[in-house]
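Chains, contacts and geometry: an overview
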Amino acid sequence: MTRTHSIKTGERRGLMFVLSSPSGAGKSTLSRMLIEKTPGMRMSVSVTTRAKRPGEVDGKHYHFIGKEEFDAMVKNRELLEHAAVFDHHYGTPRKPVEDALAAGEDVLFDIDWQGTQQLREKARDDVVSVFILPPSAEDLEQRLHTRAQDSESVIRGRMSRATHELSHWAEYDYVVVNSDLGTAFGEVETILRAERLKRERQTGLSAFVRALQDQLQR
Ligand code: ADP
Ligand code: 5GP
């Protein structure tokens with residue numbers, strides 16, 4: 001049989017790929033790398049009522065909005081999930097996610113455990129969740145300092161909240177320890193590759209196998 005008779009496997013159902021971690025463990029860094037290096041994946045840009053940090057760009061890192069606008073989005077069911085984190089409100093706009101999934105693209109979410117629970121309740125089969133752990137408390141604190149975006153008191157708040165966030169690790173499908181960044185990225189990439197190959201996500205498989213059987217019977 002020649003290669004001209006090869007059959008296309010067809011369409012794939014998009015998945016919702018969630019990265020969560022205590023603040024400072026490295027999920028934004030890993031998300032950025034994943035978006036840069038992975039075709040077919042879009043980042044979900046959340047809305048937040050918190051203030052913009054130095055270096056952050058409105059519309060890229062977040063959509064920075066006021067509390068009134070946030071409340072209106074909740075009321076109009078424009079958010080797929082939403083939660084309060086560090087006294088601020090965060091949420092995932094519904095439409096861009098639905099558009100991406102309908103176009104067969106994967107969507108990457110950098111959201112906390114509360115948002116992950118809500119997504120799982122709404123779309124269990126489409127959600128793949130990964131919890132990122134820091135190698136030690138010392139490393140976590142060091143990273144919060146090197147990021148140089150927060151005041152000392154905000155960093156202390158994030159450290160004390162980390163214990164609570166960590167307690168949700170077992171709700172996730174996968175856990176990656178971000179010690180060496182390259183290794184952690186390789187692990188996250190491997191998870192994504194394997195999940196994309198799951199039989200139920202390869203929606204063109206039945207047609208592919210039927211065509212293969214036809215070829216074999218000829
Ligand atoms: P998060 O999004 O989880 O709050 P970030 O991705 O902003 O965390 O990472 C916090 C800081 O730690 C950043 O300065 C980042 O460059 C650094 N960082 C991330 N991963 C590693 C790693 N494996 N080793 C050392 N520094 C890291
Ligand atoms: P930061 O203020 O450091 O950007 O984010 C604080 C926390 O809020 C992080 O754990 C981040 O994952 C989470 N977060 C960001 N956007 C959303 C969102 O849309 N929904 C939820 N539930 N959490 C979010």
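Whatever comes next refers back to the structure up there.
Below, the structure is looked at part by part. (Residues numbered from 1 in each chain as written. Chains lettered and ligands numbered in written order. Predicted model: local features only at pLDDT ≥ 70, side-chain atom pairs only at ≥ 80, totals over all residues. Heavy atoms only, no water.)

**Quick notes on helix α6 (residues 152-166)**
Note the threshold: Segments assigned H or I by DSSP are reported as helices when at least four residues long, segments assigned E as strands when at least two residues long, and all are numbered from the N terminus. Here, expected helix span is obtained from the residue count minus one, scaled by 1.5 Å. Bend angle per residue: angle between axes fitted to the 7 residues ending at that residue and the 7 residues starting there. Type-normalised accessible area, obtained with a 1.4 Å probe on protein chains alone, sets the label of each residue: buried when under 20%, exposed when over 50%, and partly exposed for intermediate values. Residue contacts follow a heavy-atom distance rule, with two residues in contact if any of their heavy atoms lie within 4.5 Å.
For α6, built from 15 residues, the straight-helix expectation of 21 Å at 1.5 Å per residue is met to within 8% by its first-to-last C-alpha distance of 21 Å. At S160, α6 is bent by approximately 25 degrees, the largest bend along its length. Along α6, the positions that sit buried rather than exposed are I155, R158, R161, A162 and E165. Buried residues in α6 make contact with β5 (79-85), α4 (113-123), β8 (127-133) and α5 (137-147).

**Re the site of ligand 1**
For the record, the criterion: Nearness is defined per residue: one heavy atom within 4 Å of the molecule or strand is enough. Polar contacts here mean pairs of N or O atoms no more than 3.5 Å apart (in protein, one a potential hydrogen donor and the other a potential acceptor; neighbouring residues in sequence count only if both atoms are side-chain atoms). All accessible-area figures derive from a Shrake-Rupley calculation using a 1.4 Å probe, and residue coverage is judged against the displayed protein chains alone. The rule is simple: put a 1 Å grid over the protein atoms alone, call a set of points where a 1.4 Å probe fits but cannot get out a cavity, call an open set with protein on both sides within 12 Å along at least five of seven lines a pocket, and count a residue as lining if it has an atom within 4 Å of a point. By definition, a pocket or cavity contains a molecule when more than half of the molecule's atoms lie within 2 Å of the pocket's grid points. Polar here means any residue outside two lists: the nonpolar Ala, Val, Leu, Ile, Met, Phe, Trp, Tyr, Cys and Pro, and the charged Asp, Glu, Lys and Arg; Gly therefore counts as polar.
Of all residues adjacent to ligand 1, which total 16 residues, the nearest are G24, S28, T29, R147 and N178. Between ligand 1 and A25 there is a distance of 3.3 Å, counted from an oxygen atom to a backbone nitrogen or oxygen. In the environment of ligand 1, an oxygen atom lies 2.9 Å from a nitrogen or oxygen atom belonging to the backbone of K27. Computed on the free molecule, ligand 1 has an accessible area of 570 Å², of which 77% lies beneath the protein chains in the complex. The site holding ligand 1 turns out to be the largest pocket. Broken down by secondary-structure element, the contributors of at least two residues to the shell around ligand 1 are α1 (27-37) and α5. Classifying every residue of the shell around ligand 1 gives three nonpolar, nine polar and four charged.

**Describing the site of ligand 2**
Taken together, the neighbourhood of ligand 2 is formed by 17 residues, with S46, R50, R53, Y62 and Y90 sitting nearest. At a separation of 3.2 Å, an oxygen atom of ligand 2 approaches a polar backbone atom of G91. Out of a free accessible area of 510 Å², ligand 2 has 96% covered by protein chains. At a threshold of 2 Å from the grid points, most atoms of ligand 2 map onto the largest pocket. In the shell around ligand 2, the residues fall into six nonpolar, four polar and seven charged.

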